[in-house]
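Structural characterization, general
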Amino acid sequence: METIMLSEQDIINALCLHLANKKEVAPEDVEVELLFDDDYGFSAEAYVGGRKQVLIEANIIEALRFYLDTQMNIDPVSAGLELVLDDEEGIVANVRAR
């Protein structure tokens, strides 16, 4: 099983592409900020068309699965995903692809 690390920018790109697809806007029209809180874990704030949307970890995982399928040609169902807070890299995702 191969493990791939997606950078913080990859996660932001995944969220932008996924939200753009859902909201039927251009990916450039989506702004995303990743967040981590000791009590609440991983989340993100997204701005689409001037409206703020708070995304929880499950939404981030959903966007990453969309990204794996559409951009990386990796089966999103069989891939294992884990969000990690790295001291040097920031928020990253470890993908275990089969």
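Figured I'd write up the structure that's included with this text. (Residues numbered from 1 in each chain as written. Predicted model: local features only at pLDDT ≥ 70, side-chain atom pairs only at ≥ 80, totals over all residues. Heavy atoms only, no water.)

The subject of this paragraph is the overall build of the chain. Within the chain, the secondary structure is distributed over 2 helices and 6 strands. Each helix and strand of the chain, ordered N terminal to C terminal, gives the series β-α-β-β-β-α-β-β. Its C-alpha atoms give the chain a radius of gyration of 13 Å, within 12% of the compact-globule value 13 Å for 98 residues. Along the first, second and third principal axes, the C-alpha set of the chain runs to 40 × 30 × 20 Å. For the chain, buried positions account for 41% of its 98 residues. For the chain, restricting intrachain contacts to residue pairs at least 6 apart in sequence, the fraction spanning at least 24 positions comes to 45%. For the chain, the accessible surface area stands at approximately 6,100 Å², while carbon and sulfur atoms represent 43% of it. Here the chain holds 7 positive side-chain charges and 21 negative ones, and the gap between their average locations is 10 Å. (Helix = DSSP H or I, 4+ residues; strand = E, 2+ residues; numbered from the N terminus. Rg over C-alpha atoms; globule rule 2.2 N^0.38 Å. Buried < 20%, exposed > 50% of the residue type's maximum accessible area, 1.4 Å probe, protein only. Contact = heavy atoms within 4.5 Å. Areas by Shrake-Rupley, 256 points an atom, 1.4 Å probe, with all protein chains shown as cover. Lys, Arg positive; Asp, Glu negative; His and termini not counted. Charge placed at Lys NZ, Arg CZ, Asp CG, Glu CD.)

It is worth spelling out the nonpolar core at this point. The nonpolar side chains of soluble globular proteins are, as a tendency, buried together. If you look at the biggest cluster of nonpolar residues, it comprises 31 residues, and the most contacted ones within it are Ile11, Leu15, Val32, Leu34, Ile60, Leu64 and Leu83. Elements with a contribution of two residues or more to this core: strand S1 (2–6), helix H1 (8–23), strand S2 (30–37), strand S3 (41–48), helix H2 (57–71), strand S5 (80–86) and strand S6 (90–97). Among the elements that make up this core, the one with the highest residue count is H1 (7 residues). Setting aside its immediate chain neighbours within four residues, isoleucine 60 contacts Ile11, Leu15, Phe42, Ser43, Ala44 and Leu83. (Core = buried A, V, L, I, M, F, W, Y, C linked by side-chain atoms within 4.5 Å.)

A separate point is the sheet that holds S6. Strand order in the open sheet formed by 3 strands is S1-S6-S5, and the pairing between neighbours is antiparallel. Each having just a single partner strand, S1 and S5 make up the two edges of the open sheet. With direction set aside, neighbouring strand axes in the sheet form an average angle of 25°. Bridge count between S5 and S6: 7 bridges; the pairing is antiparallel. By the bridge assignment for S6, leucine 85 is matched with isoleucine 91. With respect to the sheet, H1 is in contact with S1, S5 and S6, its orientation differing from that of S6 by roughly 80°. Here H2 sits on the sheet in contact with S1, S5 and S6, set at roughly 120° to S5. (Pairing = 2+ DSSP bridges. Axes fitted to C-alpha atoms, helices over the stretch in contact; angles between N-to-C directions.)

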